[in-house]
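Survey of secondary and tertiary structure
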Amino acid sequence: MQAQQQTDPALWERRHLHQEPHEAWLADAMPKGGRAGYDPRLVTVAWVEKARKAVEAAGGTLMAVEENPIDTLWTDQPPTPISPTIVQALDVAGKDAREKRAEIAEALRRDRLDAVVLSAPESVAWLLNLRGADVPHTPLPLSFAVLHADGLVDLFIDRRKLVPGVDTHLGNEVAIQPPSSLGQALEGLGRAGKAVRIDAASASAWVQDRLKGARIDIGADPCALPRARKNAVELEGTRAAHRRDAVAMSRFLAWLSREAPSGRLDEASAAAKLLEFRVATGALRDLSFDTISAAGPNAALPHYRFSAESNRRIEPGNVYLVDSGGQYRDGTTDITRTIAVGTPTEEMRRNFTLVLKGHIAISTLRFPKGTTGSQIDAFARRPLWEHGLDFDHGTGHGVGSYLSVHEGPARISKTPNTVALEPGMILSNEPGYYAAGRYGIRTETLVVVQPCAALSDDSRTFYEFETITFAPIDLALVDPALLTAEERAWLDSYHARVREIVGPQLEGEDRAWLEQATRPVG
């Protein structure tokens with residue numbers, strides 16, 4: 001829907017990314033004997049493999065290019081970012097970087113590998129307990145690393161980024177190298193015939209090309225799963241971040257309830273006010289992404305971003321969707337709430353309640369060890385499916401610990417995924433519904449995978465979700481008649497928890513609003 005609205009069909013041919021992927025288009029467009037070029041620095045090993053098969057099946061050839069023609073034409077490119085790189089201290093990281101390096105190095109030795117190339121900056125940041133600001137809203141220092149099986153690391157980063165104290169933190173087991181020397185280092189591993197792991201999903205084809213002569217092991221980034229399985233300190237930190245964020249969000253929703261009916265607010269002013277409440281916590285480092293502040297038909301675009309041209313008034317008689325989050329030193333938040341402005345239609349209430357039923361289904365789910373996100377995705381969709389409705393995005397994504405708000409390798413999605421959900425993983429729970437050109441609905445909280453003691457025994461282990469996001473769900477959009485007794489009980493229990501956490505930190509009209517917004521429906 002968004003592509004249709006924001007691209008000119010005279011200039012752009014639109015294709016569905018998942019139903020008509022790049023390689024399918026390449027195969028259709030490739031004349032027999034034709035050649036297609038790609039920039040090996042910009043595409044992954046996995047993409048090249050799929051694209052090559054498709055092109056060769058069509059009788060063509062896929063070729064890496066030395067120079068990207070766009071770079072030749074793009075003469076005013078912004079400079080490479082040089083933002084401060086800082087230490088993520090042990091009181092929030094929960095595990096010393098030396099211990100992390102030793103554990104990953106041991107895993108390499110078990111797999112008879114000499115080294116792994118870490119091309120995902122979030123893996124480098126996690127492994128070395130570093131954070132930065134090179135990527136908007138994501139506290140990452142752009143860098144590469146090679147971790148050797150003896151635990152030594154070559155870190156390829158611009159030394160000008162490192163604030164005082166980072167050298168001492170890294171110690172003499174981490175060698176800081178200029179980014180320009182990465183190719184030479186990879187070629188050295190190749191000449192020595194080393195056994196080197198690369199992740200086909202994150203490593204660029206350029207990295208693979210530079211490793212000529214090496215025994216390349218295509219496998220998962222060994223930092224990805226440990227990074228996703230948050231330790232106890234990280235979990236307590238993210239709970240604290242969410243409690244803090246809950247107060248800011250509730251203050252915003254109370255303010256919105258008073259101001260929105262006037263019709264004077266617009267998407268930009270609402271987003272600015274929400275930022276103001278988060279800044280007032282005194283702990284905000286950044287937003288975790290550009291706030292999706294969407295009124296009326298703009299809310300039907302799941303990844304809408306307002307602009308000067310699209311900024312729309314929040315008008316009575318429709319819904320307002322706000323998807324936002326904060327980056328705090330102790331955690332990353334992501335929350336979506338859909339709010340009725342004025343009196344919603346019965347259709348809006350029905351569809352909102354169907355989305356809520358799916359949300360509750362995930363929140364209350366108990367599942368055996370080994371279950372993947374793709375196996376549980378349908379629980380969130382079933383209430384919509386029963387009315388011939390659906391949504392065209394995943395139900396949930398992983399979330400980092402003061403890292404990326406979208407983190408792998410686990411997710412809840414229709415797309416097949418072999419990564420099992422494990423304790424400590426933080427995921428979003430965000431089913432939705434989008435009526436093109438009219439309105440959109442999404443309800444999102446973050447959940448943590450936890451052991452389920454009630455169902456586990458010596459023969460089988462079960463898990464469940466702990467909800468860690470706390471802000472009222474708009475009862476004006478809920479049709480209690482569509483909820484089961486168990487679903488109403490869940491909603492009342494959730495709102496009681498919101499009152500318990502947020503209530504003591506609100507005063508006056510904000511506190512009165514919260515009491516009304518979290519009143520029982522059961």
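Residues numbered from 1 in each chain as written. Predicted model: local features only at pLDDT ≥ 70, side-chain atom pairs only at ≥ 80, totals over all residues. Heavy atoms only, no water.

Right, let's get into the environment of Glu66. By secondary structure assignment, the location of Glu66 is in the loop between β2 (61–64) and α4 (69–73). It is 9.7 Å that separates the C-alpha atoms of Glu66 and Gly37, two residues lying 29 residues apart in sequence. (Helix = DSSP H or I, 4+ residues; strand = E, 2+ residues; numbered from the N terminus.)

For the rest of this paragraph, the subject is the environment of Ala454. Examined against the element boundaries, Ala454 turns out to sit in the loop between β23 (445–451) and β24 (462–467). Along the sequence, Ala454 and Arg366 sit 88 residues apart, while their C-alpha atoms lie 9.8 Å from each other.

Of the residues making up helix α17 (residues 508–517), those classed as buried are Asp510, Trp513, Leu514 and Ala517. Along the long axis of α17, the arc covered by the buried residues comes to 100°, so they all point the same way. Those residues of α17 that are buried are in contact with α12 (232–259) and α16 (485–502). (Buried < 20%, exposed > 50% of the residue type's maximum accessible area, 1.4 Å probe, protein only. Arc of directions from axis to C-beta. Contact = heavy atoms within 4.5 Å.)

Accessible area lost on assembly of the parts is the figure often given for the size of an interface. What the domain assignment lists for the protein is domain 1 (1–64), domain 2 (86–227) and domain 3 (229–518). Distance between the C-alpha centres of domain 1 and domain 3: 35 Å. Counting from both sides, the interface comprises four residues of domain 1 and, opposite them, nine residues of domain 3. Contact between domain 1 and domain 3 buries roughly 540 Å² in total, counting both sides, with carbon and sulfur atoms accounting for 55%. Inspection of the domain 1/domain 3 interface yields zero salt bridges. At the junction of domain 1 with domain 3, the criterion picks out one residue pair in polar contact (both at pLDDT 80 or more). Partitioned by chemical class, the residues of the side of domain 1 that touches domain 3 number one nonpolar, three polar and no charged. (Domains from an automatic or database assignment. Buried area = accessible area lost by both parts, 1.4 Å probe. Salt bridge = Lys/Arg side-chain N within 4 Å of Asp/Glu carboxyl O. Polar contact = N/O pair within 3.5 Å; in protein donor to acceptor, adjacent residues only side chain to side chain. Nonpolar A, V, L, I, M, F, W, Y, C, P; charged D, E, K, R; others polar.)

Another aspect to go through is the nonpolar core. Where a protein is soluble and globular, its nonpolar side chains tend to be buried together. By size, the foremost hydrophobic cluster in this structure holds 55 residues, and its most contacted members are Met249, Phe252, Leu256, Ile314, Tyr320, Leu491 and Val502. Considering each element in turn, this core owes the most residues, nine residues, to α12. (Core = buried A, V, L, I, M, F, W, Y, C linked by side-chain atoms within 4.5 Å.)

Tallied over the full model, the rule gives 39 salt bridges. Linking Arg98 and Asp96 is a salt bridge whose minimum nitrogen-to-oxygen distance equals 3.8 Å. Arg381 is the salt-bridge partner of Asp390, the closest N and O atoms lying 2.8 Å from each other. For Arg381, a relative accessible area of 1% puts it in the buried group. When salt bridges with common partners are traced through the structure, they connect Glu236, Arg239, Arg243 and Glu466 into a single cluster.

So, on to the UniProt feature "domain: Peptidase M24 C-terminal" (unreviewed entry) in the protein. Here, UniProt's "domain: Peptidase M24 C-terminal" (unreviewed entry) annotation points to residues 462–521. For residues 462–521, the helix share is 47%, the strand share is 10%, and the end-to-end C-alpha distance is 30 Å. (UniProt positions renumbered as here; feature names shortened; annotations may be inferred.)

Glancing now at the packing of α12 against helix α13 (residues 267–279). The N-to-C vectors of α12 and α13 enclose an angle of 140°; their axes lie 8 Å apart at closest approach. Here α12 is positioned oblique relative to α13, judged by the angle of their axes. Considering how the two elements wind past one another, α12 and α13 form a crossing that is right-handed. Residues Asp245, Ala248, Met249, Arg251, Phe252 and Trp255 of α12 form the contact with α13, whose participating residues are Ala270, Lys273, Leu274, Phe277 and Arg278. Residue classes in the contact of α12 with α13 are distributed as seven nonpolar, no polar and four charged. (Axes fitted to C-alpha atoms, helices over the stretch in contact; angles between N-to-C directions. Parallel < 35°, antiparallel > 145°, perpendicular 65-115°, else oblique. Left-handed = near helix turned anticlockwise from the far one by under 90°.)

Turning our attention to the UniProt feature "domain: Peptidase M24" (unreviewed entry) in the protein. UniProt's feature table lists "domain: Peptidase M24" (unreviewed entry) at residues 237–450, given in the numbering used throughout. Along residues 237–450 one finds 31% helix and 27% strand; the C-alpha atoms at either end are 16 Å apart.

For the pair α12 and α17, the least separation of the axes is 9 Å and the interaxial angle reads 90°. Between α12 and α17, the angle falls in the class roughly perpendicular. The residues of α17 that touch α12, namely those facing Ser250, Arg251, Leu253, Ala254, Ser257 and Arg258, are Glu509, Asp510, Trp513 and Leu514.

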